[in-house]
Amino acid sequence: MAIRDPGSFRDPTGTIFSSGDTILRSVNGEAARNFARLKSSGAYDDLTGRGWIIGADEADAALLAEVPEPARGGRVLVHPRLPFISYPYEWPFALLKRAALLHLDVQLRALDFGFALSDASAYNVQFAGHRPVFIDIPSFVPYQDGDYWTGHRQFIEQFVNPLLLRALFGIAHNAWYRGALEGIASSDIVALLGRFRRWLAPDILTNITLPDLMQRRARHAPDTAVRPARPLPRAALELVLQRLHGWISKLTPKAIAPTEWQRDEIGNVSYAGDEERRKQDFVADFARRRLPACAWDIGCNTGRYAEALLANGAGSVVGFDSDLDALEAAASRASAGSLNFLPLFSDAANPSPAQGWAEAERSGLTSRRNADAVIALALVHHLAIGRNVPLPFVVEWLVGLAPRGVIEFVPKPDPMVQRMLRLRRDIFEDYDSAQFEQALGRHARIVQRLELAAGGRTLYEFERVAG
């Protein structure tokens, strides 16, 4: 039988299941009828043709039998499986912005066919490489002129407020969002803004300050009669959506002070002569021989090596980094090159955990592991020395991510490591290439190694051993 997605429980209209490489969605009652209307109206073909929404086909008899009996009362749809499921708290600013704009584009185009979206959850958007795609087909409902946009507050708190944190204050949304899965409350943004800025910005006034003020009044006077919302004509709804689109389009992230990794990337201070070219050639050769369907780039920085993997036979790459400005550059690289590359925020020493309802609604990074190759370049020293993670632990974790890959070891005399040790005592007696090779040998076979300079940085291609 197909396995029910533990995060698929909030929507009463249907349930998500997975069966091998197939994603199944049961849709019942009104949701099934709405899907039929969506297809007959031409909206489905238009939106899938634009690449804005996920495809959905009727399940055949064999797949239908995979779905538990109680879920077969309406229709069972088949969706293509995306390479990787990610969450808004893992998206850098650029990806969250793209997801927000896509939601508005889908909503505006759906109105042309007489449909609206019933909610505005950021979790209804996923990424195929750098490209956002809307995945919640049952969210499309028939629109009637005068309908109020019930998803407005959700859109503001799950899309706009996280973007404003970075655009206005230079605060990354990721950790805050991870701790508040339903988004960032407007009351928090109002508290950060202060009164002077609050009343000067029309978009903030309309979408954040006044709605927050009305909510505060409602809480302080709960017995006050609530007047029904006035009908919102379609032209007014479109204007609201268009103004939001224009506002979000202009938001840009405030720069965060350069990190050690960023200075290393921009200044290219850690490689001499042709070392950088040889490193890229090593990664390219690995990709050509192994042809990974999905590779993970841990510490992807601006995506240079992810691009090398894709140019030499990798099907897709998911990159992870904690340097948010570098991730912005990676997102730009992916977009400019139309790369099947998804750069995500992740602290390797504190990756996304399983959380939400019953600690299963949002999966942890490890349970979403799907790579058949991994590269970790200029990463080990940041964990072993920068974060005090024992070297054998670092190696075991990296080898556990994929059956094969490339790891770079940066020795202690390297300028980057010496910079890290400048203001701290060197307690890392076991940090050297011999200890690294010994740790790697416990879990994998070293296929080949390349010393970029005598006694300097060394690349290791590994293949995990069974057991």
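Up top you'll find the structure we're talking about.
One structure accompanies this document, and this report is about it.

The rules behind the values
Residues numbered from 1 in each chain as written. Predicted model: local features only at pLDDT ≥ 70, side-chain atom pairs only at ≥ 80, totals over all residues. Heavy atoms only, no water. Helix = DSSP H or I, 4+ residues; strand = E, 2+ residues; numbered from the N terminus. Buried < 20%, exposed > 50% of the residue type's maximum accessible area, 1.4 Å probe, protein only. Salt bridge = Lys/Arg side-chain N within 4 Å of Asp/Glu carboxyl O. Axes fitted to C-alpha atoms, helices over the stretch in contact; angles between N-to-C directions. Parallel < 35°, antiparallel > 145°, perpendicular 65-115°, else oblique. Left-handed = near helix turned anticlockwise from the far one by under 90°. Contact = heavy atoms within 4.5 Å. Pairing = 2+ DSSP bridges. Arc of directions from axis to C-beta.

Quick look at unusual backbone geometry
Non-glycine residue Ala378 carries a positive phi angle of around 55°. With respect to the helices and strands, Ala378 occurs in the loop between strand E13 (373–376) and helix H15 (380–384). At Asn388, a position not held by glycine, the phi torsion is positive, near 60°. Looking at the element boundaries, Asn388 is found in the loop between H15 and helix H16 (391–401). With relative accessibility at 41%, the residue Asn388 sits in the partly exposed group.

Section: the pattern of salt bridges
Tallied over the entire structure, the rule returns 28 salt bridges. Residue Asp112 pairs with Arg234 through a salt bridge whose shortest N-O separation is 3.1 Å. Separated by 122 residues along the polypeptide, Asp112 in helix H4 (residues 93–112) and Arg234 in helix H10 (residues 234–250) bring together distant segments of the chain. Between Arg362 and Glu361 there is a salt bridge whose closest N-O contact spans 3.6 Å. You'll find Arg362 and Glu361 in the same group, each marked buried.

Section: the packing of helix H5 (residues 152–169) against H10
The geometry of a pair of packed helices is captured by two quantities: the angle between their axes and the separation between those axes. At a minimum axis separation of 11 Å, H5 and H10 run at an interaxial angle of 15°. In terms of orientation, H5 and H10 fall into the roughly parallel class. Judged by the twist between their axes, the crossing of H5 over H10 is left-handed. Between H5, through His152, Phe155, Ile156, Val160, Leu163 and Leu164, and H10, the contact on the second element is made entirely by Leu244, Trp247 and Ile248.

Thoughts on the environment of Arg387
Along the chain, the position of Arg387 falls in the loop between H15 and H16. In the structure, Arg387 is positioned 358 residues away from Gly29 in sequence and 53 Å away in space, judged by C-alpha atoms. Beyond its immediate sequence surroundings of up to four residues, Arg387 is in contact with Asp347, Ala349 and His382.

What to know about the pairing of strand E7 (residues 125–128)
Strand direction decides the pairing type here: E7 and strand E8 (residues 131–134), joined by four bridges, are antiparallel. Across the sheet, the residue bridging to Val125 is Phe134, located in E8. Taking the residues between adjacent antiparallel strands as the criterion, E7 and E8 are bridged by two residues, where Gly129 takes a positive phi near 65°.

Quick word on helix H7 (residues 186–193)
Here H7 has its buried residues at Ser186, Ile189, Val190 and Leu193. The buried residues of H7 occupy an angular sector of 100° when the element is viewed end-on, so they sit on one face. Phi for Gly194, located one or two positions after H7, is positive at around 80°.

Examining the packing of H4 against H5
In the contact formed by H4 and H5, the axes pass within 10 Å of each other and the chain directions differ by 145°. Judged by the twist between their axes, the crossing of H4 over H5 is left-handed. In this structure, H4 contributes Phe93, Leu96, Lys97, Ala99, Ala100, His103 and Leu104 to the contact, and H5 contributes Phe155, Gln158, Phe159, Pro162, Leu163, Arg166 and Ala167.

Some points on the sheet that holds strand E14 (residues 404–409)
Pairing in this open sheet of seven strands is mixed, and the strands run E12-E11-E10-E13-E14-E16-E15 from one edge to the other. Taken across any chain shown, the strands that pair with only one partner, and hence form the sheet edges, are strand E12 (341–345) and strand E15 (444–451). Pairs of neighbouring strands in the sheet enclose a mean axial angle of 20°, with direction left out of account. One ladder, built from five bridges, connects strand E10 (residues 294–298) with strand E11 (residues 316–321); its direction is parallel. From the neighbouring strand, Trp296 faces E11, where its bridge partner is Val318. Together, E10, E11, E12 and E13 form the strand contacts of helix H13 (residues 304–311), whose direction differs from that of E11 by roughly 170°.

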